[in-house]
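# Notes for the structure review
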Amino acid sequence: MILKEVLFKASDLKSKTLLINKDYLQEKFITLGQIKSIYKYNVRIVDKEEIEKAVNEQNPDKAYFYIVFFKLLRNIYIITAEGGDVIYAAHHSDNCHRNILTEGDLKKMSFKLK
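As the structure is a computational prediction, the values presented were derived from the model and not from experiment.

### Details of the overall build of the chain
A tally of helices and strands in the chain yields four helices and six strands. Starting at the N terminus and walking to the C terminus, you meet the elements of the chain as β-α-β-α-β-α-β-β-β-α. Counting across all 114 residues of the chain, residues that qualify as buried make up 40%. As displayed, the chain has an accessible area near 6500 Å², and 51% of this comes from carbon and sulfur atoms.

In structure tokens:
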């Protein structure tokens, strides 16, 4: 169940490469091809170190997912590497996924970008 979903500056996200930490992906939904069939913009599956590098370099062309699970609430953010601005935020009460990005998460976010 989605409690709250907010999309900030959608045009900013469309022009950036979205970095997805491979640790956030479910085993059955891990291929880049599957992600690209839902999310039509630039996207890469990377490790945590590559996200940290983009942030440390303040790369203006990158954004990344950040997921926090706290007290049965899964908070999903997309944050710009440069400046740390939140572009997208969704808050879910579905504790079954914990710190996992699901196909449904990507579909909801992609729908908001259209």
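There is more to say, and it comes next.
### Concerning the packing of aromatic side chains
This structure, assessed with the given rule, holds one aromatic pair. With centroids separated by 5.4 Å and ring planes inclined at 70°, the aromatic side chains of Y39 and Y41 adopt a geometry described as edge-to-face. For Y39, a relative accessible area of 1% corresponds to the buried category. Accessibility expressed as a relative area gives 26% for Y41, which makes it partly exposed.

### Section: the environment of D61
Within the secondary structure, D61 sits in the loop between α3 (48-56) and β4 (62-70). It is 6.2 Å that separates the C-alpha atoms of D61 and T17, two residues lying 44 residues apart in sequence. With near-sequence residues (within four places) excluded, D61 lies in contact with K16 and T17.

### Remarks on unusual backbone geometry
The backbone phi angle of Q58 is positive, close to 55°, even though this residue is not glycine. With respect to the helices and strands, the residue Q58 is situated in the loop between α3 and β4.

### Quick word on the side chain of N75
Tracing the chain through its elements places N75 in strand β5 (residues 73-80). N75 sits in the buried class, given a relative accessible area of 10%. Contacts of N75, omitting those with residues within four sequence positions, involve Y66, I67, V68, A90 and H91.

Conventions adopted
Residues numbered from 1 in each chain as written. Predicted model: local features only at pLDDT ≥ 70, side-chain atom pairs only at ≥ 80, totals over all residues. Heavy atoms only, no water. Helix = DSSP H or I, 4+ residues; strand = E, 2+ residues; numbered from the N terminus. Buried < 20%, exposed > 50% of the residue type's maximum accessible area, 1.4 Å probe, protein only. Areas by Shrake-Rupley, 256 points an atom, 1.4 Å probe, with all protein chains shown as cover. Phe/Tyr/Trp six-rings, centres within 6.5 Å; stacked < 30°, edge-to-face > 60°. Contact = heavy atoms within 4.5 Å.

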